Amino acid sequence: MEDLKSRSGGGRTGLSERILGGGTEPDPRFTLANERTFLAWIRTSLALLAGGVAVEAFMADLFGPELRKAISVLLLMLALLIGGGAFFRWLNVERSIRRQTPLPLPWIAPVLAIGGALVAAVLVVFVLARPL
Amino acid sequence: MPSRRYTPTHGDAGLQPERTELAWGRTTMSMTIAAVVFLRWMPHHGWFVGTLVATSIVTAMAIGSTRKRRFHRAIHGINQEAITPATTSIAALSASVVVLAGLGIFTVLLLPLHP
């Protein structure tokens, strides 16, 4: 295989040098794709954040204060986990493409799925238990 | 009259620099929308919510102001076949979202509701 991109450390400075460690310089397209995936996760987190705020601010007529608080905190905690996890996901993928190892599993994906399902379950219980 | 602005070109048929730039642009918009949604909290939770609005607006402005630099970095990276990852921007953006979510949880749980 051609050894075109084995300029170790060539494209790294400052913080990148410190946290990305060894390996060889990958195709820049992979780095940019990883960056876009990170941004997609961040936007997911921002949507959850806005959802959490909206539930607290706009649902006063529909939900009681306790339920409103619970759903809002659940969504905000999910936003916190996804927002923070997005950075570690980006970092692990970046390290893995530099070392040419298999990509790590995205643990934030099941967090999002379980969290989303939990919020949906709370809402289903609320709808079923609500007196007509 | 030709434009005096210099924009470097690249040979990437996948248009990765443009797509990455647009992804940052969408994120800036999401952050601005978050700031507007936070504003809705102000009548309920008081002036503390201003910290959330300020954090999101400062983050959105920081992304917006580094837009051109980031686009040029991507184009140079494609041309040079080696790119410096945007580690600082990525870490800062992630930290900003974590801080916003943390402040949001604090607001819901601990700040009294204004009638």
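Residues numbered from 1 in each chain as written. Chains lettered and ligands numbered in written order. Predicted model: local features only at pLDDT ≥ 70, side-chain atom pairs only at ≥ 80, totals over all residues. Heavy atoms only, no water.

**A short note on the UniProt feature "domain: DUF202" (unreviewed entry) in chain A**
Piece 1. Following the UniProt record, one finds the feature "domain: DUF202" (unreviewed entry) at residues 29-95 of chain A.
Piece 2. Along residues 29-95 of chain A, the helical share is 91% and the strand share 0%, with 15 Å between the first and last C-alpha atoms. (UniProt positions renumbered as here; feature names shortened; annotations may be inferred. Helix = DSSP H or I, 4+ residues; strand = E, 2+ residues; numbered from the N terminus.)

**Here we look at the UniProt feature "transmembrane region" (unreviewed entry) in chain B**
Residues and elements named next belong to chain B.
Piece 1. In this numbering, the UniProt entry assigns the feature "transmembrane region" (unreviewed entry) to residues 21-41, 47-65 and 86-111.
Piece 2. End-to-end, the C-alpha atoms of residues 47-65 are 27 Å apart, and along that stretch the chain is 89% helix and 0% strand.
Piece 3. Helix makes up 92% of residues 86-111 and strand makes up 0%, while its end C-alpha atoms are separated by 36 Å.

**Here's the deal with the UniProt feature "domain: DUF202" (unreviewed entry) in chain B**
Piece 1. As recorded in UniProt, the sites labelled "domain: DUF202" (unreviewed entry) are residues 13-76 of chain B.
Piece 2. Its end C-alpha atoms 15 Å apart, residues 13-76 of chain B is made of 86% helix and 0% strand.

**Quick word on the packing of aromatic side chains**
Residues and elements named next belong to chain B.
Piece 1. Tallying each qualifying case throughout the model produces 4 aromatic pairs over all chains.
Piece 2. Summarising the aromatic geometry, the rings of F48 and F106 are spaced 5.1 Å apart at their centres and angled 55° between planes, so their arrangement reads as tilted. Of this pair, F48 sits in the loop between α2 (42-45) and α3 (49-65) while F106 sits in helix α5 (residues 87-110); the two residues are 58 residues apart in sequence, bridging distant segments of the chain.
Piece 3. The class of F106 is partly exposed, set by a relative accessible area of 34%. (Phe/Tyr/Trp six-rings, centres within 6.5 Å; stacked < 30°, edge-to-face > 60°. Buried < 20%, exposed > 50% of the residue type's maximum accessible area, 1.4 Å probe, protein only.)

**Points about the packing of helix α2 (residues 28-58) of chain A against helix α4 (residues 108-129) of chain A**
Residue and element names in this part refer to chain A.
Piece 1. Relative orientation of the contacting elements α2 and α4 amounts to 20°, with a least axis distance of 13 Å. It follows from the interaxial angle that α2 and α4 lie roughly parallel. Seen from above, α2 lies across α4 with left-handed handedness. Together, W41, T44 and L48 of α2 and I108, A109 and L112 of α4 make up the contact between the two elements.
Piece 2. Residues that form the contact of α2 with α4 fall into these classes: 5 nonpolar, 1 polar and no charged. (Axes fitted to C-alpha atoms, helices over the stretch in contact; angles between N-to-C directions. Parallel < 35°, antiparallel > 145°, perpendicular 65-115°, else oblique. Left-handed = near helix turned anticlockwise from the far one by under 90°. Contact = heavy atoms within 4.5 Å. Nonpolar A, V, L, I, M, F, W, Y, C, P; charged D, E, K, R; others polar.)

**Quick look at the UniProt feature "transmembrane region" (unreviewed entry) in chain A**
All names here are of chain A.
Piece 1. Per the UniProt record, "transmembrane region" (unreviewed entry) is found at residues 38-58, 70-88 and 108-129.
Piece 2. Span residues 38-58 is 100% helix and 0% strand, its end C-alpha atoms 30 Å apart.
Piece 3. Secondary structure content for residues 70-88 is 100% helix and 0% strand, and the end C-alpha separation is 27 Å.

**Section: the nonpolar core**
Piece 1. Among the nonpolar cores identified, the biggest contains 47 residues, and F38 and L49 of chain A together with F38, W41 and L93 of chain B are the most heavily contacted of them.
Piece 2. Contributions of two or more residues to this core are made by α2, α3 (65-99) and α4 of chain A together with α1 (16-39), α3 and α5 of chain B.
Piece 3. With sequence-adjacent residues up to four places away left out, F38 of chain B is seen in contact with L49 and V53 of chain A together with V49, L52, V53, S56 and L100 of chain B. (Core = buried A, V, L, I, M, F, W, Y, C linked by side-chain atoms within 4.5 Å.)

**Comments concerning the confidence of the model for chain A**
The predicted structure's coordinates, where accompanied by low pLDDT, should not be read in detail.
All names here are of chain A.
Piece 1. Predicted confidence across chain A gives a mean pLDDT of 85, with 89% of residues reaching 70 or more.
Piece 2. Ranking the elements of chain A by mean pLDDT puts helix α1 (residues 14-20) last, at 75, and α2 first, at 93.
Piece 3. Low pLDDT, under 50, characterises residues 1-10; the stretch is placed with 14 contacts to residues that sit more than four places away or in other chains. (pLDDT = per-residue confidence, 0-100.)

**Remarks on the confidence of the model for chain B**
Piece 1. The pLDDT averaged across chain B works out to 87; a share of 93% of its residues lies at or above 70.
Piece 2. Quick note on the complex model: pTM equals 0.88, ipTM equals 0.89.

**Observations concerning the interface of chain A and chain B**
Piece 1. Taken together, the contacts link 45 residues of chain A with 46 residues of chain B.
Piece 2. Buried surface at the junction of chain A and chain B, both sides included, amounts to about 4,000 Å², of which 71% is carbon and sulfur.
Piece 3. Contact with chain B buries area across many residues of chain A, yet R29, R36 and R43 of chain A alone supply 15% of it, more than any other trio.
Piece 4. At the boundary of chain A with chain B, the tally comes to 2 salt bridges.
Piece 5. In this structure, R73 of chain B and E35 of chain A form a salt bridge, with 2.8 Å as the shortest nitrogen-oxygen distance.
Piece 6. Taken together, the connections running from chain A to chain B amount to 8 residue pairs in polar contact (both at pLDDT 80 or more).
Piece 7. Of all the elements in the fold, those that place two or more residues in the side of chain A that touches chain B are α1, α2 and α3 of chain A.
Piece 8. The element that contributes the greatest number of residues to the side of chain A that touches chain B is α2 of chain A, accounting for 20 residues.
Piece 9. Residues of the side of chain A that touches chain B, tallied by class, amount to 24 nonpolar, 8 polar and 13 charged. (Buried area = accessible area lost by both parts, 1.4 Å probe. Salt bridge = Lys/Arg side-chain N within 4 Å of Asp/Glu carboxyl O. Polar contact = N/O pair within 3.5 Å; in protein donor to acceptor, adjacent residues only side chain to side chain.)

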